[in-house]
Amino acid sequence: MADGLKLEQRHGKSRVRVARVWRDVKGEGGDVIVEWKVGVSLFSDCLPAYTGGDNSAIVATDTMKNTVYVKAKECSDVVSMEEFAIILGKHFTSFYPQVTAAIVTIVEKPWERVAVDGRPHKHGFKLGSEKHRTEVTVKKCGSLEIESGVEGLALLKTTMSGFEGFVRDKYTVLPDTRERMLATEITALWRYSFKRISDVPAKPFCFSKMHADAKKALVDTFLGPPNCGVYSPSVQNTLFLMGKAVLNRFPHVASVHLKMPNIHFLPVNLSSKDNGTIVKFADDVYNPTDEPHGTIEASLTRTLSKI
Ligand SMILES: O=c1[nH]c(=O)c2[nH]c(=O)[nH]c2[nH]1
């Protein structure tokens, strides 16, 4: 650009809320509903809009919002949010000559089919806790990046966790322990190895099933077997094993990023000057806290391709 300036820009619409219902879907046990918050961000050649007030190349963000609803209507078969994001990305990059790339983010509300008296309800749902999200980047040339994951997956175990052998210096008061609660709220984001739209496998590969399976791999690794659990020497070690479990199970995943706050349950000990000890902690009464909390995060990437 002139004037010794470089301008990098993109524009889009955030938080477009859409719910899509598919009626009485075979094999799904009734109606299927998804509720999404969609974000669209377009990289496009529209510099004159910034520099000279010429809007002739601008795709209106209002049009982007409408496109979300049109494409949702056009999806006559159930689609995952990743597939929907690819559909949108493909549309924006192929329909508008000036659009070079699109980033589509979707956060899905976890509506889960309710079981009544042990029988899955045909059209009744309840809200689960953790959110599913995806961010898909589509370029005009057909290149693709997909990152998906879960947010707010809260897990706790009452034992089989410890932390010892860490650095001790003049500011350290935390005792070594082999017995503590371990609680966290996991954000897990995994990046698929698909590099082009044409790399995305056809059914039965299913992004939504991947979410469920990856969540199960994370939960199973965190908790261990039902009757005996698995000992965690640190959040760091457990995080690593959880990431490894996702990579080992899913050949289409190239890397995984895990964020695991260490949410502290503090031992309660109470004493008074007059009566001495009132409550002595015996792994029973805790003060649950939310701040401050430890913050442990790491990315695990395959160095050799699995596929
Ligand atoms: O699992 C843990 N990792 C840490 O890095 C840490 N630091 C701390 O004070 N407690 C813990 N626990």
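Cut-off values and rules
- Residues numbered from 1 in each chain as written.
- Predicted model: local features only at pLDDT ≥ 70, side-chain atom pairs only at ≥ 80, totals over all residues.
- Heavy atoms only, no water.
- UniProt positions renumbered as here; feature names shortened; annotations may be inferred.
- Near = heavy atom within 4 Å.
- Polar contact = N/O pair within 3.5 Å; in protein donor to acceptor, adjacent residues only side chain to side chain.
- 1 Å grid on protein atoms, 1.4 Å probe; cavity = no way out; pocket = protein on both sides within 12 Å on 5 of 7 lines; lining within 4 Å.
- Sits in = over half its atoms within 2 Å of the grid points.
- Nonpolar A, V, L, I, M, F, W, Y, C, P; charged D, E, K, R; others polar.
- Salt bridge = Lys/Arg side-chain N within 4 Å of Asp/Glu carboxyl O.
- Helix = DSSP H or I, 4+ residues; strand = E, 2+ residues; numbered from the N terminus.
- Buried < 20%, exposed > 50% of the residue type's maximum accessible area, 1.4 Å probe, protein only.
- Phe/Tyr/Trp six-rings, centres within 6.5 Å; stacked < 30°, edge-to-face > 60°.
- Lys NZ or Arg CZ within 6 Å of the ring centre and 35° of its normal.
- Core = buried A, V, L, I, M, F, W, Y, C linked by side-chain atoms within 4.5 Å.
- Domains from an automatic or database assignment.
- Contact = heavy atoms within 4.5 Å.

- The name an unreviewed UniProt entry assigns to the chain is Uricase, from the organism Spirodela intermedia.
- Annotation of the chain in UniProt includes, under Subcellular location (unreviewed entry), the sentence "Peroxisome".
- Under the UniProt heading Sequence similarities (unreviewed entry), the note attached to the chain is "Belongs to the uricase family."

### Quick notes on the site of the ligand
- The ligand sits among Phe 163, Leu 174, Arg 180, Ser 234, Val 235, Gln 236 and Asn 262.
- A distance of 2.9 Å separates a nitrogen atom of the ligand from a polar side-chain atom of Gln 236.
- The cavity where the ligand resides is the second largest pocket.
- Its residues assigned to classes, the shell around the ligand shows three nonpolar, three polar and one charged.

### Structural notes on the pattern of salt bridges
- A complete count under the given rule lists 16 salt bridges for this structure.
- Between Asp 24 and Lys 122 there is a salt bridge, and its shortest N-O distance comes to 4.0 Å. Here the residue Asp 24 occupies a position in strand S1 (residues 11-25), and Lys 122 occupies one in strand S5 (residues 119-127), the gap between them amounting to 98 residues.
- The exposure class assigned to Lys 122 is partly exposed, which follows from its relative accessible area of 48%.
- A salt bridge links Lys 109 to Glu 35; the nearest nitrogen and oxygen atoms lie 3.8 Å apart. With Lys 109 in strand S3 (residues 99-109) and Glu 35 in strand S2 (residues 30-44), the pair connects residues that are 74 residues apart, well separated along the chain.
- Judged by its relative accessible area of 15%, Glu 35 falls in the buried class.
- Taken together, the salt bridges that share partners define one network made up of Arg 17, Glu 35 and Lys 109.

### Section: the packing of aromatic side chains
- Under the counting rule described, the total for this entry stands at 12 aromatic pairs.
- When the centroid spacing of 6.4 Å and the interplanar angle of 85 degrees are considered together, the rings of Tyr 192 and Phe 205 count as edge-to-face. One end of the pair, Tyr 192, is in strand S8 (residues 182-192); the other, Phe 205, is in the loop between S8 and helix H4 (207-223), and 13 residues separate them in sequence.
- Since its relative accessible area comes to 2%, Tyr 192 is described here as buried.
- On the basis of an interplanar angle of 85 degrees and a centroid distance of 5.0 Å, the ring pair of Phe 205 and Phe 207 is categorised as edge-to-face. Considered together, Phe 205 and Phe 207 belong to a single accessibility category, that of buried residues.
- Counting every residue linked through ring pairs, the aromatic cluster contains Tyr 192, Phe 194, Phe 205 and Phe 207.
- Arg 178 extends its terminal NZ or CZ atom over the ring of Tyr 231, reaching a point 4.4 Å from the ring centre.

### Description of the nonpolar core
- With 57 residues, the main nonpolar core has Trp 36, Val 38, Phe 84, Phe 92, Trp 190 and Tyr 192 as its most contacted residues.
- Here this core gathers at least three residues from each of two domains, domain 1 (1-142) and domain 2 (148-306).
- If we ignore the near neighbours within four places in the chain, the residues touching Trp 190 are Ile 146, Glu 147, Ser 148, Gly 149, Val 150, Met 210, His 211, Ala 214, Val 253, Ser 255 and Val 256.

### Observations concerning the environment of Pro 110
- Considering the arrangement of structural elements, one finds Pro 110 in the loop between S3 and strand S4 (111-116).
- On the basis of relative accessibility, which here comes to 11%, the residue Pro 110 falls in the buried class.
- Taking the C-alpha atoms as reference points, Pro 110 and His 132, separated by 22 residues in sequence, lie 7.1 Å from one another.
- Setting aside chain neighbours within four positions, we find Pro 110 in contact with Lys 126, Leu 127, Gly 128, Ser 129 and Glu 130.

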